[in-house]
Amino acid sequence: MDLSSLLQALIPSWNSAYLLLGFFAYLAIAGSIVLGKLVPGVVLADGTRLHYRCNGLVLLLLLVALLGISAKMDFVSPTAISERGFELLSTTFIFSFLVTLALYFAGCKSQSKSSSLKPHTTGNLIHDWWFGIQLNPQFMGIDLKFLFVRAGMMGWLLINLSVLAKSIQDGTLSKSMILFQIFCALYILDYFVHEEYMTSTWDIIAERLGFMLVFGDLVWIPFTFSIQGWWLLANEVELTMTTIIANCLVFLIGSNFADTWYFEEQTSKNMYSKRIQRPLFGVSLQKSLVESYLLLVIGVLLDIVIT
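Given the structure is predicted, the values throughout are model-derived calculations rather than measurements.

Each helix and strand in the protein was counted, giving 12 helices and six strands. Here the protein holds 307 residues, and 40% of them are scored as buried. Nonlocal contacts in the protein, meaning residues at least 24 apart in sequence, comprise 75% of its contacts between residues at least 6 apart. Of the roughly 17400 Å² of accessible surface on the protein, 68% is carried by carbon and sulfur atoms.

Here it is, written out as structure tokens:
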């Protein structure tokens, strides 16, 4: 694709805007009415705490089911996203920019003294717009920070599924594409299974909501994490059985370490003096740098064996 074609593809369209707004409307409405575990957030500086309805897994499965049924009945095209990838990228970027401008001006006008809505300004417009002014801004009672994080992870899966549908439609579905889809889907599902742990992450409890976070959630996560799928859609990569097995082993080992380091750390954030342990293949592992080096060595050895 030459530069002129790329610039043409990046021009936003009303169809892309409708897709994006419909997605957020679903998340906002369904997220408010679908039952889910109500998880208390951390205690803020003023002694208050937010409560999060962790129904993301149900929302994701329901959304995929609704889209699947709609595609079967020809109400929507399963390749709508993959055919408008660049349009959606630019539309989402513009949306992120406009939203953070609105957050900036709303934050500057806020008179609230609560930890969630109290404005924190430096007088530097760029700095305050980039890092945000309010900790937990809301719109019609909806916590925007939690909404955007959820949207980014779900958007990643929706992009992948549309790319998968496009590869099936074009008759180019490969083993590498199938592996990519499975690994990403398992990672995303794992995220939503442990969604309640996200309420204690640094982004949620400490970072104010500015362009940095909004762009990261809505643009960076879904559109960069899905790059491999876009590449595989245009490039055929055939994998041997040895390579497939090696990839599966690396993924399984890596996901187990990730669970040990990340999710268990979130459940014990207030217990720093305790070591985090989790059985892996019947062995109790301590969180340490040794694990990272071990995983690196395994990856290098597998790469040597494959090549």
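Back to the text.
Once that is clear, we can look at the packing of helix 6 (residues 144-170) against helix 9 (residues 211-224). A pair of packed helices is characterised by two quantities: the angle between their axes and the separation of those axes. The geometry of helix 6 relative to helix 9 is characterised by a closest axis approach of 7 Å and an angle of 10° between their N-to-C directions. For the element pair helix 6 / helix 9, the angle class is roughly parallel. For the crossing formed where helix 6 meets helix 9, the hand is right-handed. For the pair formed by helix 6 and helix 9, the contact residues are K145, F148, V149, A151, G152, M153, G155, W156 and I159 on the first element and L213, V214, D217, L218, I221, P222 and F223 on the second. Residue composition of the contact of helix 6 with helix 9, grouped by class: 12 nonpolar, two polar and two charged.

A few words on the pattern of salt bridges. One side chain can pair with another of opposite charge once the charged atoms of both are near each other. Counting across every chain of the model gives three salt bridges. Here E196 makes a salt bridge to K37, at a shortest N to O gap of 3.2 Å. Of this pair, E196 sits in the loop between helix 7 (175-193) and helix 8 (202-205) while K37 is found in strand 1 (residues 37-40), placing the two residues 159 residues apart along the sequence. Look at E196 and you get partly exposed, because its relative accessible area is 28%. Of the residues examined, K37 reaches a relative accessible area of 48% and is grouped as partly exposed. The partner of E195 in a salt bridge is R150, with the nearest N and O atoms 2.9 Å apart. With E195 in the loop between helix 7 and helix 8 and R150 in helix 6, this pair connects stretches of sequence that are 45 residues apart. Neither E195 nor R150 differs from the other in exposure class; each is buried.

Here the focus is the packing of aromatic side chains. The tally for this structure, following the rule as stated, stands at 17 aromatic pairs. Centroid distance Y52 to F146: 4.9 Å. Interplanar angle 50°. Geometry classified as tilted. Of this pair, Y52 sits in strand 2 (residues 51-54) while F146 sits in helix 6; the two residues are 94 residues apart in sequence, bridging distant segments of the chain. Judged on exposure class, the residue Y52 and its partner F146 are both buried. Taking 5.0 Å as the distance between ring centres and 85° as the angle between the ring planes, the aromatic pair formed by Y191 and F192 counts as edge-to-face. Members of the aromatic cluster, joined through ring pairs, are F93, F97, W129, W130, F211 and F215.

Moving on, we come to a nonpolar patch on the surface. Together, L67, I69, M73, F75 and V76 line one region of the surface with nonpolar side chains, adding up to about 480 Å² of accessible area. Residue position: I69 is located in helix 3 (residues 56-72).

Turning to the side chain of S176, a few remarks are in order. Along the chain, S176 falls in helix 7. S176 sits in the buried class, given a relative accessible area of 8%. A distance of 2.9 Å separates a polar atom in the side chain of S176 from a polar atom in the side chain of S174. Contact partners of S176, with chain neighbours within four places excluded, come to L232, V237 and L239.

It is worth spelling out the side chain of S16 at this point. One can find S16 in helix 2 (residues 14-33). For S16, a relative accessible area of 0% gives the class buried. In this structure, S16 is in contact with R84, E87, L88 and T91, ignoring residues within four places of it in sequence.

We now examine the environment of M153. Its location among the elements puts M153 in helix 6. Using a relative accessible area of 5% as the deciding quantity, one classes M153 as buried. The spatial distance from the C-alpha of M153 to the C-alpha of F225 is 9.6 Å, given a sequence separation of 72 residues. Not counting the four nearest positions on each side in its chain, M153 is found in contact with Y187, I188, Y191, F192 and I221.

Definitions and limits used
Residues numbered from 1 in each chain as written. Predicted model: local features only at pLDDT ≥ 70, side-chain atom pairs only at ≥ 80, totals over all residues. Heavy atoms only, no water. Helix = DSSP H or I, 4+ residues; strand = E, 2+ residues; numbered from the N terminus. Buried < 20%, exposed > 50% of the residue type's maximum accessible area, 1.4 Å probe, protein only. Contact = heavy atoms within 4.5 Å. Areas by Shrake-Rupley, 256 points an atom, 1.4 Å probe, with all protein chains shown as cover. Axes fitted to C-alpha atoms, helices over the stretch in contact; angles between N-to-C directions. Parallel < 35°, antiparallel > 145°, perpendicular 65-115°, else oblique. Left-handed = near helix turned anticlockwise from the far one by under 90°. Nonpolar A, V, L, I, M, F, W, Y, C, P; charged D, E, K, R; others polar. Salt bridge = Lys/Arg side-chain N within 4 Å of Asp/Glu carboxyl O. Phe/Tyr/Trp six-rings, centres within 6.5 Å; stacked < 30°, edge-to-face > 60°. Patch = residues over 30% accessible without salt bridge, like charges linked within 9 Å, V, L, I, M, F, W, Y side chains within 5 Å. Polar contact = N/O pair within 3.5 Å; in protein donor to acceptor, adjacent residues only side chain to side chain.

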